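Listed below are the residues making up each chain.
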Amino acid sequence: MSFLLPKLTSKKEVDQAIKSTAEKVLVLRFGRDEDPVCLQLDDILSKTSSDLSKMATIYLVDVDQTPVYTQYFDISYIPSTIFFFNGQHMKVDYGSPDHTKFVGSFKTKQDFIDLIEVIYRGAMRGKLIVQSPIDPKNIPKYDLLYQDI
(Lines give C-alpha, C1' and ligand atoms only; values in the text may rest on other atoms or scores of the structure.)
Protein backbone atom coordinates (compact mmCIF):
# COMPACT_ATOMS: atom_id res chain seq x y z
CA MET A 1 0.00 0.00 0.00
CA SER A 2 3.06 2.26 0.09
CA PHE A 3 2.37 3.31 -3.49
CA LEU A 4 -0.90 5.01 -2.48
CA LEU A 5 0.79 7.60 -0.26
CA PRO A 6 3.16 10.38 -1.37
CA LYS A 7 6.85 9.90 -0.64
CA LEU A 8 9.47 12.43 0.42
CA THR A 9 12.92 11.44 -0.83
CA SER A 10 15.21 14.24 0.34
CA LYS A 11 15.86 16.58 3.26
CA LYS A 12 14.68 19.48 1.10
CA GLU A 13 11.31 17.80 0.42
CA VAL A 14 10.83 17.01 4.13
CA ASP A 15 11.71 20.62 5.06
CA GLN A 16 9.22 21.92 2.48
CA ALA A 17 6.45 19.64 3.77
CA ILE A 18 7.05 20.78 7.37
CA LYS A 19 7.03 24.46 6.37
CA SER A 20 4.12 24.36 3.95
CA THR A 21 1.57 22.16 5.75
CA ALA A 22 -0.72 24.67 7.47
CA GLU A 23 -3.66 24.10 9.83
CA LYS A 24 -3.31 20.32 9.47
CA VAL A 25 -1.39 17.62 11.28
CA LEU A 26 1.60 16.54 9.22
CA VAL A 27 2.25 12.81 9.61
CA LEU A 28 5.72 11.60 8.61
CA ARG A 29 6.19 7.83 8.56
CA PHE A 30 9.91 7.02 8.65
CA GLY A 31 10.73 3.51 7.47
CA ARG A 32 11.45 1.33 4.44
CA ASP A 33 9.00 0.26 1.74
CA GLU A 34 10.04 -3.40 1.89
CA ASP A 35 9.80 -3.78 5.69
CA PRO A 36 6.75 -5.91 6.68
CA VAL A 37 5.81 -3.76 9.71
CA CYS A 38 6.13 -0.61 7.59
CA LEU A 39 3.81 -2.18 5.01
CA GLN A 40 1.29 -2.98 7.76
CA LEU A 41 1.42 0.65 8.97
CA ASP A 42 1.25 1.98 5.39
CA ASP A 43 -1.94 -0.03 4.89
CA ILE A 44 -3.54 1.68 7.90
CA LEU A 45 -2.28 5.11 6.82
CA SER A 46 -3.53 4.73 3.24
CA LYS A 47 -6.96 3.46 4.33
CA THR A 48 -7.46 6.41 6.71
CA SER A 49 -5.88 9.19 4.62
CA SER A 50 -9.12 10.15 2.85
CA ASP A 51 -11.12 10.11 6.12
CA LEU A 52 -8.54 12.39 7.75
CA SER A 53 -7.90 14.65 4.74
CA LYS A 54 -9.40 17.72 6.48
CA MET A 55 -7.20 17.19 9.57
CA ALA A 56 -3.99 15.55 8.36
CA THR A 57 -1.52 15.18 5.52
CA ILE A 58 0.44 11.92 5.41
CA TYR A 59 3.85 11.34 3.83
CA LEU A 60 6.23 8.39 3.75
CA VAL A 61 9.92 9.09 4.33
CA ASP A 62 12.64 6.53 3.58
CA VAL A 63 15.14 6.41 6.46
CA ASP A 64 18.01 5.65 4.07
CA GLN A 65 17.38 8.74 1.92
CA THR A 66 17.06 11.23 4.79
CA PRO A 67 19.88 10.42 7.23
CA VAL A 68 19.79 13.94 8.71
CA TYR A 69 16.24 13.46 10.02
CA THR A 70 16.85 9.83 10.91
CA GLN A 71 19.67 10.94 13.20
CA TYR A 72 17.92 14.10 14.45
CA PHE A 73 14.81 12.20 15.60
CA ASP A 74 16.93 9.25 16.81
CA ILE A 75 15.10 6.75 14.63
CA SER A 76 16.62 3.42 15.59
CA TYR A 77 13.42 1.38 15.20
CA ILE A 78 11.22 1.43 12.11
CA PRO A 79 8.54 2.32 11.39
CA SER A 80 8.58 5.54 13.42
CA THR A 81 5.81 8.09 12.98
CA ILE A 82 6.39 11.77 13.78
CA PHE A 83 3.75 14.50 13.93
CA PHE A 84 3.94 18.24 13.17
CA PHE A 85 1.40 21.07 13.23
CA ASN A 86 2.15 24.43 11.55
CA GLY A 87 5.87 23.60 11.50
CA GLN A 88 5.93 22.71 15.21
CA HIS A 89 6.92 19.21 16.32
CA MET A 90 3.99 17.72 18.25
CA LYS A 91 4.79 15.36 21.10
CA VAL A 92 2.46 12.66 22.41
CA ASP A 93 2.60 11.00 25.83
CA TYR A 94 2.11 7.30 25.07
CA GLY A 95 3.13 6.24 28.57
CA SER A 96 6.59 5.40 27.21
CA PRO A 97 9.92 7.17 27.81
CA ASP A 98 9.93 8.73 24.31
CA HIS A 99 7.24 11.33 23.52
CA THR A 100 8.76 12.45 20.21
CA LYS A 101 7.56 9.61 17.97
CA PHE A 102 5.29 6.58 17.72
CA VAL A 103 7.33 3.43 17.11
CA GLY A 104 5.77 0.46 15.35
CA SER A 105 2.42 0.03 13.67
CA PHE A 106 -0.97 1.01 15.01
CA LYS A 107 -3.11 -2.02 15.94
CA THR A 108 -6.28 -0.62 14.33
CA LYS A 109 -7.32 2.15 11.97
CA GLN A 110 -9.41 3.63 14.78
CA ASP A 111 -6.32 4.00 17.02
CA PHE A 112 -4.66 6.12 14.34
CA ILE A 113 -7.80 8.19 13.68
CA ASP A 114 -8.26 8.85 17.41
CA LEU A 115 -4.62 9.91 17.78
CA ILE A 116 -4.83 12.35 14.85
CA GLU A 117 -8.03 13.87 16.28
CA VAL A 118 -6.40 14.38 19.71
CA ILE A 119 -3.25 15.90 18.18
CA TYR A 120 -5.34 18.19 15.94
CA ARG A 121 -7.56 19.41 18.79
CA GLY A 122 -4.59 19.90 21.10
CA ALA A 123 -2.61 21.78 18.46
CA MET A 124 -5.58 24.06 17.72
CA ARG A 125 -5.57 24.97 21.43
CA GLY A 126 -1.83 25.73 21.34
CA LYS A 127 -0.60 22.57 23.08
CA LEU A 128 2.75 21.07 22.07
CA ILE A 129 2.23 17.76 23.90
CA VAL A 130 -0.97 15.75 24.17
CA GLN A 131 -2.02 12.60 26.02
CA SER A 132 -2.41 9.54 23.79
CA PRO A 133 -6.00 8.22 23.46
CA ILE A 134 -4.68 4.77 22.46
CA ASP A 135 -5.19 1.92 24.92
CA PRO A 136 -1.76 1.19 26.49
CA LYS A 137 -2.01 -2.50 25.55
CA ASN A 138 -2.18 -1.42 21.86
CA ILE A 139 1.08 0.55 22.07
CA PRO A 140 4.19 -1.42 21.05
CA LYS A 141 6.76 -1.76 23.83
CA TYR A 142 10.45 -1.16 23.20
CA ASP A 143 13.58 -0.16 25.09
CA LEU A 144 15.46 3.04 24.34
CA LEU A 145 19.01 2.40 23.23
CA TYR A 146 21.62 4.92 24.28
CA GLN A 147 24.87 4.66 22.39
CA ASP A 148 28.20 6.29 23.28
CA ILE A 149 27.17 7.59 26.69
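My aim in this report is to walk through the structure given alongside it, one point at a time. Every chain's residues receive numbers from 1 upward, in the order its sequence appears when written. Selection of residues for local features in this predicted model requires a pLDDT of at least 70, selection of side-chain atom pairs for listing and counting requires 80 or more, and totals for whole chains, interfaces and linings are taken over all residues. Side-chain figures throughout are based on the complete set of non-hydrogen atoms in the structure, without hydrogens or water.

### Concerning unusual backbone geometry
Residues apart from glycine generally show negative phi values, whereas peptide bonds are mostly found in trans.
In step 1: Note the cis peptide between isoleucine 78 and proline 79, where omega equals 0°.
In step 2: Every helix listed is a DSSP run of H or I at least four residues long, and every strand listed is a run of E at least two residues long, numbered separately from the N terminus. Counting through the fold element by element, proline 79 comes out in the loop between α3 (67–72) and β4 (80–85).
In step 3: For aspartate 74, which is not glycine, the phi dihedral falls at a positive 50°.
In step 4: Secondary-structure assignment places aspartate 74 in the loop between α3 and β4.
In step 5: Aspartate 74 gets classed as partly exposed once you look at its relative accessible area, which sits at 42%. Under the scheme applied here, a residue whose accessible area is under 20% of the maximum for its type counts as buried, over 50% as exposed, and between as partly exposed, the area being computed with a 1.4 Å probe on protein chains only.

### Things to note about the nonpolar core
In step 1: The term nonpolar core refers to a set of buried residues drawn from Ala, Val, Leu, Ile, Met, Phe, Trp, Tyr and Cys, joined through side-chain atoms within 4.5 Å. If you look at the biggest cluster of nonpolar residues, it comprises 28 residues, and the most contacted ones within it are Val25, Phe83, Phe106, Phe112 and Ile116.
In step 2: Among the secondary structure elements, those contributing two or more residues to this core are β2 (25–31), α2 (36–49), β3 (56–62), β4, β5 (88–93) and α4 (109–124).
In step 3: Aside from chain neighbours lying at most four places away, what touches valine 25 is Met55, Ala56, Thr57, Phe83, Phe84, Phe85, Ile116, Ile119 and Tyr120.
In step 4: Within the second largest apolar cluster, 15 residues are counted, among which are Leu8, Ala17, Leu26 and Phe73. When checking whether two residues touch, look at their non-hydrogen atoms; a contact exists if any pair is within 4.5 Å.

### Quick look at the environment of glutamine 131
In step 1: Mapped onto the elements, glutamine 131 comes out in strand β7 (residues 129–131).
In step 2: Each C-alpha atom of the pair glutamine 131 and valine 61 lies 25 Å from the other, and the pair is 70 residues apart in sequence.
In step 3: Those residues in contact with glutamine 131 that sit more than four places away from it in its chain are Val92, Asp93 and Val118.

### Quick notes on α2
In step 1: A helix is expected to span 1.5 Å for every residue after the first. In a regular helix each residue adds 1.5 Å, so 14 residues correspond to 20 Å; α2 covers 20 Å between its end C-alpha atoms and thus fits that length.
In step 2: Packing partners of the buried residues in α2 comprise β2, β3, β4 and α4.
In step 3: If you check the start of α2, you find a side-chain oxygen 3.2 Å away from the backbone N of valine 37, and it comes from aspartate 35. Polar contacts, as used here, are pairs of N or O atoms within 3.5 Å; protein pairs need one atom able to donate a hydrogen and one able to accept it. Residues neighboring in sequence count only if both atoms are side-chain atoms.

### A word on the packing of aromatic side chains
In step 1: Within 6.5 Å between ring centres, the rings of Phe, Tyr and Trp (the latter by its six-membered ring) count as paired, and their orientation is classed by plane angle as stacked under 30 degrees, edge-to-face over 60, tilted in between. Applying the stated criterion across every chain, the model contains 8 aromatic pairs.
In step 2: Taken together through their ring pairs, the aromatic side chains of Phe30, Tyr69, Tyr72, Phe73 and Phe84 make up a single cluster.

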